Structures are given as structure tokens and as C-alpha cells.
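Residue-level structural notes
Spelled out from the first residue to the last, the chains are:
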Amino acid sequence: LATPSPRARARDARARAVRDDAPARWRCPACLRRGARERLRSERDANCIDGGDEKRGAATYRCANGHALDASASGYVNLFVGKRVRGDSRAQLRARRRFLVEGGHFGALSEAVADAVLGRAADARDGDAELGLAVELRSGGDAASTTATSPRAKRMARKREARSEARAANPNAANPNAASAKVKAKPLRVVDFGCGEGYYSSVVLERARARDDVELELAALDASKDAADLCAAAIGRFARVAVADATRDLPLDDDSVDVAMSVFAPRSPTELARVLRKGGRAVVASPDDDHMVELRDAFRDDDKITVLGVEPNKSTRVDEAFLAAGFDVVFRRAIRDVVPLPADAVADLVFMGPSGFHNPESAIRDAVGDAPRVVTTSFNVVVYALLR
């Protein structure tokens, strides 16, 4: 993460103090198994904070019924309820980190996700807390692929455009002291469902810390202990991280989340509707039909490895599931590129996704060989607003 400004460091110190004193937003898994809903409170070691800088220290979470859970050395807490599901292996997570962080790939996707998540803070500031959406389009962005799809969202987009034009024409009209006025930050509660090693959460965190108008409260969860461990090691100083199933029995209070992130992860629209506040957002990123099409074609008849494709009409079925749960589509953006990749990056791309569950890493690297390849990367970023 980039070095924060003095203002950002002061804000982080306040957030850590509140986080240690206030009840955690996690629910007790032992109580959930018994049909009760009790929140967990963090009891962090008093030696954890020294001179304003938080050091790693043991933390225990307790509920009102006396159940206690110890956080891991990296900082995550295990809140899993019910039958264990298969999560990404540490080898897959390391491949993903090499591809995303060291290789710098999927940058346009991570920026689009961060824009959509943090746009919720701009909505609240501009008074469009119910269905507005503010998204920054950087120079070079494809405006034609960024759309508001419902009639109400289109009306709100037109109003925002008119306000933006008015502010650009006379930035001090609404506030004569605008040059010296400070924007009051509002807490924005964001949860990354299926966080993996924490890459997309870290991008959102970095972007939020660079702004003075966002007070971010970030949490992340994944079904994989290895994923939670890596995520907590990366961003655990500024976020709560847990092991939990993102598809059912979410360990969160009702109406407690402003924005839900789901990037290439399974999810339950019904559970997201429960934990999101009215007007809350679900930011969902998923591969499009032609994602990695060259690799699927190249290894279609290969008897050594299997490169999985995208289910036909997947985006339509995802839309239908969210609409049935009480959401509306307010924003959709397609991100597509054709990029040359070295052989190691191609192997990481195949192994870090669902194909990694079906093929050993060594078999993938042997099949890919040493030659670079040209690969299509294609995604949809969709924002769903909760209408209830």
C-alpha cells in the first residue's frame, strides 16, 4: 500500500481505537448453530497498541453467551458454520498474487471494482443515498460500456450530470467558503465476500485512504483458511478478516453493510439482501463468455489438463437471481482486452482459477510450455442496488 498522509494516519488511528472498543460486526458461529444471533466483541491484548502504531497481538472474540474464539497469528478469526466447503489452496493463492500483484494484470478490473465500491460514498455525500451511483471514468475509459440500466438509475445519472456541470461552471456557488471547507467523511461499511488473498480489498483500501471524504470500515471473508491468512497478513491492520462461507449463514448482522464486494466468488443474493442496508450495493465482477477463450481452444483436446470455460448465459442467470432477491441493476460495465502473456503468467492464470481444482500445477506448467501466448481477458462489473 502507498504511504498514507498524516491525515490518513490519524484517521486510521481513530478507526483502530473504535474497532477495539466497539462490538465487532461478526456473529458468533456457536450461537448460529443453535439458532441464536449473538454478536462478538473483540478483546485485544492491551500491548497491541503502542505509541499509536498497531502491532500484531493476540485477540479473543467473545459473545454474550460466553463463547470465545481466538484470532490467528495473522489476525483472522474462524467463523465457519456447517459443512466445510472447498476453498482455494495456498498454491493457487500464491499464483494469483504473482499474476495480479507482481505481474500487474487485471488492473483495469480492480480499478473498476474500486470505483464502483467507493462510488457509494459519493452517492451519500451528494444526497443520492437510495439509488444514485457515482463512478469515476478515467481518461481512456470506454464510456459506451458503462451504463445505468434501470429508468430510475438513468434519471439519477442525469441529475448527477447536471450537478457536476453546475459545479464545474461555478465551484463556489453552493458554498462561498468551499475553498476552505472540509468534506465530512461518513463511515462506509464494505465487506469483501470471497476475498481470496485480499488483492481487490487492498485496492479499495488504498484508494479510500487516498481520499479525505471516505471513512472506510472494511471486512473480508473467505471459505479458505489459507486465503484468510494471506488476506489478514496483507490488510489485517485496517480490516477484519474471517473464515466463513460466502453463500449461506453469513456471520453478519441484518442491515449492517453498505457495499458487498464479490469478485469471481460464489455468493447468495438472498443473504446479501439480508445484511445490506436499504439502498445498499452489491458490486459483482465475473468473467464473460469469451474470457480465456484462446486457452480453452488450445487445450480442448489435451488429455493432460482441462481448462474450464464460463457457463453459457451466466450473467443473465446472475441478474435473475439478484432481481428475485429484491435488487435492481443500476450499473454495468464490460472490460475486455487482448493481452500477450509470458508462459509463466499463462500457467498462473489457469492454475489460480477453477481449473486449478482439477489440474496439478506441474501438469499445467508442462502443458503451457515456454512459449508466450495472446489471451483474451473479458469481465463484467455489475452493481445491484437493494430496493427494499
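Everything discussed here concerns the structure shown above.
The notes below deal with the structure included here. (Residues numbered from 1 in each chain as written. Predicted model: local features only at pLDDT ≥ 70, side-chain atom pairs only at ≥ 80, totals over all residues. Heavy atoms only, no water.)

**Notes on the overall build of the protein**
Per the secondary structure count, the protein includes twelve helices and 15 strands. Within the protein, buried positions represent 48% of all 388 residues. The long-range share in the protein, meaning contacts at least 24 apart out of those at least 6 apart in sequence, stands at 72%. Accessible surface for the protein amounts to roughly 18,200 Å². Of this, 50% is attributable to carbon and sulfur atoms. (Helix = DSSP H or I, 4+ residues; strand = E, 2+ residues; numbered from the N terminus. Buried < 20%, exposed > 50% of the residue type's maximum accessible area, 1.4 Å probe, protein only. Contact = heavy atoms within 4.5 Å. Areas by Shrake-Rupley, 256 points an atom, 1.4 Å probe, with all protein chains shown as cover.)

**Here we look at the layout of surface pockets**
Here the largest pocket is characterised by a volume of approximately 1,200 Å³. As for the largest pocket, its lining consists of 48 residues, of which Phe-264, Ala-265, Pro-266, Gly-353 and Pro-354 are closest to the centre. Elements that contribute at least two residues to the lining of the largest pocket include exactly α3 (90-102), β10 (214-222), β13 (276-287), α10 (314-324) and α11 (343-352). Tallying contributions element by element places α10 first for the lining of the largest pocket, with four residues. Here the lining of the largest pocket is built from residues that sort into 28 nonpolar, nine polar and eleven charged. (1 Å grid on protein atoms, 1.4 Å probe; cavity = no way out; pocket = protein on both sides within 12 Å on 5 of 7 lines; lining within 4 Å. Points joined across faces, edges and corners; volume = space filled by probe spheres on them. Nonpolar A, V, L, I, M, F, W, Y, C, P; charged D, E, K, R; others polar.)

**Focus: the nonpolar core**
In globular proteins that are soluble, nonpolar side chains generally tend to be buried together. One finds Phe-106, Leu-109, Val-113, Val-117, Leu-216, Leu-295 and Leu-349 to be the most contacted residues of the largest nonpolar core, which totals 66 residues. In terms of residues, this core owes the most to one element, α11, which gives eight residues. For Phe-106, the contacting residues outside a window of four places in its chain are Phe-99, Leu-100, Tyr-200, Phe-264, His-291, Leu-349, Met-352, Thr-377 and Phe-379. Membership of the second largest hydrophobic core comes to 35 residues, among which are Trp-26, Val-191, Ala-219 and Phe-322. (Core = buried A, V, L, I, M, F, W, Y, C linked by side-chain atoms within 4.5 Å.)

**Here we look at the pattern of salt bridges**
As enumerated under the stated definition, the model contains 25 salt bridges in all. Here Arg-96 and Asp-88 are joined by a salt bridge, their closest N and O atoms 2.9 Å apart. For the pair formed by Arg-96 and Asp-88, the shared burial category is buried. The partner of Asp-229 in a salt bridge is Arg-90, and the shortest N-O contact between them spans 2.9 Å. In this pair, Asp-229 sits in helix α7 (residues 225-235) while Arg-90 sits in helix α3, placing the two residues 139 residues apart along the sequence. With relative accessibility at 24%, the residue Arg-90 sits in the partly exposed group. Within this structure, Arg-27, Arg-37, Arg-39, Asp-253, Asp-254, Glu-271 and Arg-274 form a network of salt bridges that share partners. (Salt bridge = Lys/Arg side-chain N within 4 Å of Asp/Glu carboxyl O.)

**A few points about empty space enclosed by the protein**
By the definition in use, this model includes three cavities of 30 Å³ or more. Its boundaries defined by the atoms lining it, the largest cavity holds a volume of some 60 Å³. Taken together, Val-284, Ser-286, Ser-315, Val-318, Asp-319, Arg-332, Asn-380, Val-382 and Tyr-384 make up the lining of the largest cavity. Within the residue set of the lining of the largest cavity, elements represented by two or more residues are β13, α10 and β15 (373-386).

**Describing the state of the cysteines**
All told, the structure shown has zero disulfides when counted by the stated rule. No disulfide involves Cys-231; its nearest neighbouring cysteine sulfur is the one of Cys-195, lying 3.9 Å away. Given a relative accessible area of 0%, Cys-231 falls into the buried group. (Disulfide = S-S within 2.5 Å.)

**Describing the side chain of Arg-281**
Among the secondary structure elements, Arg-281 is positioned in strand β13. With relative accessibility at 0%, the residue Arg-281 sits in the buried group. One polar contact links the side chain of Arg-281 to the main-chain carbonyl oxygen of Gly-279, over a distance of 2.7 Å. (Polar contact = N/O pair within 3.5 Å; in protein donor to acceptor, adjacent residues only side chain to side chain.)

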